[in-house]
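What follows is the residue order along each chain.
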Amino acid sequence: MKVAALIGALALLLLNAACAAPSAHRGPRSSFNLFDNTHYTDVDLGLPKSNILYEQSPIANSVKQGKAPDEQTFKQQVREHNTAPGPFVMDFENLYLKGADAEKHCELLIAMADWAHQAAPGKAIGYYGVLDNVDSQHMYLEKKLAPHEDAYFPTMYTFNDDRAGWTSRLTRDVELAKQVDASKPMYPYVWPQYHEGTPNALRFIDADYWTFQLNTLRKYASRAVIWSSTGPNTSTGWVQATKRFAES
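J.: What am I meant to see in the environment of glycine 126 here?
T.: Tracing the backbone shows glycine 126 in strand S4 (residues 125–127). Residue contacts for glycine 126: discarding those within four places in its chain leaves Phe88, Val89, Met90, Glu149, Ala151 and Phe153.

This is how it looks when you write it as structure tokens:
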């Protein structure tokens, strides 16, 4: 009888401890991380900076010929551009997985991703825009590239004021990422100006629409990168909206 009572007391103690312990399914949701890759001459968002390597000389000369650049030259450029704490993103838009050269492009992207990891160990490395610029028949190449990337960096720039359409593009990218490798994070790229070639080309997005984009990103992704070209910022609305969002 004493043994039974002891076992019962021990079981109750273990049950109480389990109830008091934090559950893996409880607690706060993972935080949303926003990175600054803007090049405005007069803006400080107070956010951690992200790194980017563009397709530039002498890399561009080799890539345009469908050849891998010199490995040591490429690694040196990675080291020179790896100056910020955020992810390391490579923007090689001539190597999207489209058309007759898609397989050749994939091999080049794989080689450069591996070199980038060697030159910038510990960084989250991936390619800008590749995820959402793949021909449907070449999705197998995106899956082949994925093991060599740490994250996806799709483009979520603004072409119009269609909020539902913008959200649909984002959720499509989320689904694409899941199809390729759901374990990898996605860092959508956003820009506080309307894209070139649109009716509002280069006009700054108003604070309300920009806040909508940031809140939607937080809903569907765990990270995002704000980008801009070089030049002066002529709108404070989006800047203040970004700071309010970051504080929240």
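J.: Whenever I open this one, the sheet that holds strand S6 (residues 223–231) confuses me. Can you help?
T.: Working definition: the strands of a sheet are paired by backbone hydrogen bonds and lie parallel or antiparallel to each other. On the basis of which strands lie adjacent, the open sheet formed by three strands has the order S1-S6-S5 and parallel pairing. Taken across any chain shown, the strands that pair with only one partner, and hence form the sheet edges, are strand S1 (33–40) and strand S5 (189–190). In the sheet, S5 pairs with S6 via two bridges, with the strands oriented parallel. By the bridge assignment for S6, valine 190 is matched with isoleucine 226.

J.: Please explain the pattern of salt bridges as it appears in this structure.
T.: In a structure, side chains of opposite charge can pair up when their charged atoms sit close to one another. One pass over the structure, following the stated rule, counts seven salt bridges. Ionic pairing is found between lysine 49 and aspartate 36, a salt bridge with its closest N-O pair at 3.0 Å. Residue lysine 49 is located in the loop between S1 and strand S2 (51–54), and its partner aspartate 36 is located in strand S1; the two are separated by 13 residues in the primary sequence. The salt bridge involving glutamate 71 is made with lysine 75; its shortest N-O contact spans 2.8 Å. Of the two residues, glutamate 71 and lysine 75 are both situated in helix H3 (residues 71–81); the distance of four residues between them amounts to about one turn of the helix. With relative accessibility at 30%, the residue glutamate 71 sits in the partly exposed group. You can call lysine 75 buried: its relative accessible area is 10%.

J.: Help me understand the layout of surface pockets in this model?
T.: The rolling of a water-molecule-sized probe over the atoms marks out the regions of remaining empty space. Taken as a whole, the largest pocket spans an internal volume of roughly 200 Å³. Looking at the largest pocket, it is lined by 14 residues, and the ones nearest its centre are Asp91, Glu93, Tyr128, Tyr157 and Trp227. For the lining of the largest pocket, the class distribution of residues is eight nonpolar, three polar and three charged. Lining the second largest pocket are Val174, Ala177, Lys178, Ala182, Lys184, Pro185, Met186, Tyr220, Ala221 and Ser222. Here the element with the most residues in the lining of the second largest pocket is helix H6 (residues 163–181); it accounts for three residues. Among the residues forming the lining of the second largest pocket, the class breakdown is seven nonpolar, one polar and two charged.

J.: What should I look at first to understand empty space enclosed by the protein in this one?
T.: In total, this model carries one cavity of 30 Å³ or more according to the counting rule given. In this structure, the largest cavity occupies an estimated 30 Å³ of space. Considering the residues around the largest cavity, the lining is formed by Tyr127, Val130, Leu131, Glu142, Glu149, Ala151, Tyr152 and Phe153. The class makeup of the residues in the lining of the largest cavity is six nonpolar, no polar and two charged.

J.: Would you mind showing me how to read unusual backbone geometry here?
T.: Where the residue is not glycine, phi is negative for most of them; where a peptide bond is considered, it is trans in most cases. In the segment running from serine 57 into proline 58, the intervening peptide bond is cis, with an omega of 0 degrees. Counting through the fold element by element, proline 58 comes out in the loop between S2 and helix H2 (59–64). Located in the positive-phi region is leucine 202, a residue other than glycine, with phi close to 70 degrees. Summarising the element assignment, leucine 202 is placed in the loop between S5 and helix H7 (207–220).

J.: Could you clarify how one ought to interpret H7 in this entry?
T.: Within an α-helix, residues lying three or four positions from one another point in the same direction, as the helix has 3.6 residues per turn. For H7, built from 14 residues, the straight-helix expectation of 20 Å at 1.5 Å per residue is met to within 8% by its first-to-last C-alpha distance of 20 Å. Along H7, the residues that are buried comprise Tyr209, Trp210, Gln213, Leu214, Thr216 and Leu217. The arc that holds every buried residue of H7, seen down its axis, measures 165 degrees, which confines them to one face. Residues Asp208 and Lys219 are exposed on H7 and point more than 90 degrees away from its buried face. Buried residues along H7 sit against S1, H6, S5, S6 and helix H8 (237–247). Of the residues that open H7, the one with a side-chain oxygen 3.1 Å from the backbone nitrogen of aspartate 208 is aspartate 206.

The rules we used
Residues numbered from 1 in each chain as written. Predicted model: local features only at pLDDT ≥ 70, side-chain atom pairs only at ≥ 80, totals over all residues. Heavy atoms only, no water. Helix = DSSP H or I, 4+ residues; strand = E, 2+ residues; numbered from the N terminus. Contact = heavy atoms within 4.5 Å. Pairing = 2+ DSSP bridges. Salt bridge = Lys/Arg side-chain N within 4 Å of Asp/Glu carboxyl O. Buried < 20%, exposed > 50% of the residue type's maximum accessible area, 1.4 Å probe, protein only. 1 Å grid on protein atoms, 1.4 Å probe; cavity = no way out; pocket = protein on both sides within 12 Å on 5 of 7 lines; lining within 4 Å. Points joined across faces, edges and corners; volume = space filled by probe spheres on them. Nonpolar A, V, L, I, M, F, W, Y, C, P; charged D, E, K, R; others polar. Expected span 1.5 Å × (residues − 1). Arc of directions from axis to C-beta. Polar contact = N/O pair within 3.5 Å; in protein donor to acceptor, adjacent residues only side chain to side chain.

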